[in-house]
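# Survey of secondary and tertiary structure
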Amino acid sequence: MSNKVSIPNKIFGTVLAHSMRGKMLSRSELQTLAESRDIEELVTRMKNTIYLDALAKLVKPFTAEKVEGALREHLVNTHAKMVTLASGAGVLNAYFVRYITWNLKIILKGKALGRTYEELLPKVNLRAEELVGRRDLAVKALVSKDFDEAVASLQGSEFGEDARKAATAFKEKGDVRVFDTYLDHAFYKSLDKSMFSESKLQDVQKLVTVDIDTYNVLAVLRAKYWGLSAAETNDLIVTTTTKITRDTLQKMINVEKIQEAIGELSNTAYRDLVPKSAANDIDAIMQLEAGFERASIRRIMASFRTVFTLGNMLASLKLMSFEIRNLAAIAAGVEQKIPVDKIMASLIKPDQQ
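Figured I'd write up the structure that's included with this text. (Residues numbered from 1 in each chain as written. Predicted model: local features only at pLDDT ≥ 70, side-chain atom pairs only at ≥ 80, totals over all residues. Heavy atoms only, no water.)

## Notes on the overall build of the protein
- A count of helices and strands for the protein gives 19 helices and zero strands.
- Over its C-alpha atoms the protein spans a radius of gyration of 20 Å, differing by no more than 12% from the 20 Å that the globule rule assigns to 353 residues.
- Oriented by its inertia axes, the alpha-carbon framework of the protein measures out at about 55 × 50 × 45 Å.
- Looking at the protein residue by residue over its 353 residues, the buried ones come to 52%.
- For the protein, contacts bridging at least 24 residues in sequence account for 66% of all contacts bridging at least 6.
- Just so you have it, the protein exposes about 16700 Å², and 52% of that area is on carbon and sulfur atoms.
- Taking the average place of the 50 positive charges on the side chains of the protein and the average place of its 44 negative ones, the gap between the two points comes to 4 Å. (Helix = DSSP H or I, 4+ residues; strand = E, 2+ residues; numbered from the N terminus. Rg over C-alpha atoms; globule rule 2.2 N^0.38 Å. Buried < 20%, exposed > 50% of the residue type's maximum accessible area, 1.4 Å probe, protein only. Contact = heavy atoms within 4.5 Å. Areas by Shrake-Rupley, 256 points an atom, 1.4 Å probe, with all protein chains shown as cover. Lys, Arg positive; Asp, Glu negative; His and termini not counted. Charge placed at Lys NZ, Arg CZ, Asp CG, Glu CD.)

Spelled out as structure tokens, the structure:
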């Protein structure tokens, strides 16, 4: 499919992107949602926002899980609309794979922990798979009788090898978070490849580069935390489109301690993200991850300074993704009766208020 975006479609797509940005919920609106007494009241309040149609199909009893599923389906549908307007632009297609990756992570983690099909089904929304004709990929893993069969069901797909390596690492380390890193590798490899066709689009490059850099750095640090070998860690790296050189990543792999590895970033464009103090290795990694998230948001907001670009369309989808993460966190907080101030403190802050 052509990566050329027609002028009328580009204009319509970017107008839609700016409209989506303008309709983002303010901090005070999110606070009002977080102050809901229960999930039912939250859904009622959310129906007074742009998410009315997204929640229209929800049936009682409402749960945070149902709310998140409906919102994620809305994001998938919006992304699909953008792909159509962008005439199949490679980078937007590549980012669409993230939704499939999300589902596979849920399924493999669940199978690894002995969850049943009935337990996993409500957690998975297959709208993305349906739109690209890949429903069988997730369903085969979902209906597998056990963990090993679920992993085997992915062989032959772009996730097969990474799923196999994740399964081996899980059996050795016992940490289900290995699935996040390994399946993300399959996604970022696809994303990196898509950038060959978008190499002249600097606004897109800036948005994608920070994502790939974030993945590479966190993959190296987590691999070090799990005690993976240098060879295993190198296999996780994706480095065609990046501001952090392979040499820097190699230095991070070669040092002994996680905090020393993070220190290697002091010689990169991300030197300001290096945590000044951290209680332990996990805290340091989490602080760095939050820093990369802020850097991504700055790039997203800066991309709107130029109009009528593919970057506008990608940036608006990223903003909606952040907002839906916030709304899912609010739904979970309301359901669990978490104090409003704690819910609000946990939210990402992509808005300009």
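## As for a nonpolar patch on the surface
- Taken together, the side chains of Ile11, Val15, Val307 and Phe308 make up a nonpolar region of the molecular surface, amounting to roughly 340 Å² of accessible area.
- One can find Ile11 in helix H1 (residues 7-22).
- A relative accessible area of 38% places Ile11 in the partly exposed class. (Patch = residues over 30% accessible without salt bridge, like charges linked within 9 Å, V, L, I, M, F, W, Y side chains within 5 Å. Salt bridge = Lys/Arg side-chain N within 4 Å of Asp/Glu carboxyl O.)

## As for the pattern of salt bridges
- The tally for this structure, following the rule as stated, stands at 20 salt bridges.
- Note that Lys145 is salt-bridged to Glu149, the shortest N-O span being 2.9 Å.
- For Lys145, a relative accessible area of 68% corresponds to the exposed category.
- For Glu149, a relative accessible area of 32% translates into the label partly exposed.
- Linked through salt bridges whose partners overlap, the residues forming this network are Lys105, Lys109, Asp180 and Asp184.

## Structural notes on unusual backbone geometry
- Of the consecutive residues Lys60 and Pro61, the connecting peptide bond is found in the cis state with omega at 0°.
- One can find Pro61 in the loop between helix H4 (52-55) and helix H5 (64-85).

## Observations regarding the side chain of Asp175
- Relative to the helices and strands, Asp175 is located in the loop between helix H11 (160-173) and helix H12 (178-194).
- Separated by 3.0 Å, the side chains of Asp175 and Trp226 make a polar contact.
- Excluding residues within four positions of it along the chain, Asp175 makes contact with Phe170 and Trp226. (Polar contact = N/O pair within 3.5 Å; in protein donor to acceptor, adjacent residues only side chain to side chain.)

## Things to note about the nonpolar core
- Of all hydrophobic cores here, the largest spans 102 residues; its most connected members are Val91, Leu92, Phe179, Leu191, Val208, Leu327 and Ile330.
- Not counting residues up to four positions away in its chain, the partners in contact with Leu92 are His79, Met82, Val83, Ala86, Leu310, Leu314 and Leu317.
- One finds Leu218, Ile258, Leu273 and Ile285 within the second-largest nonpolar core, a separate group that totals 22 residues. (Core = buried A, V, L, I, M, F, W, Y, C linked by side-chain atoms within 4.5 Å.)

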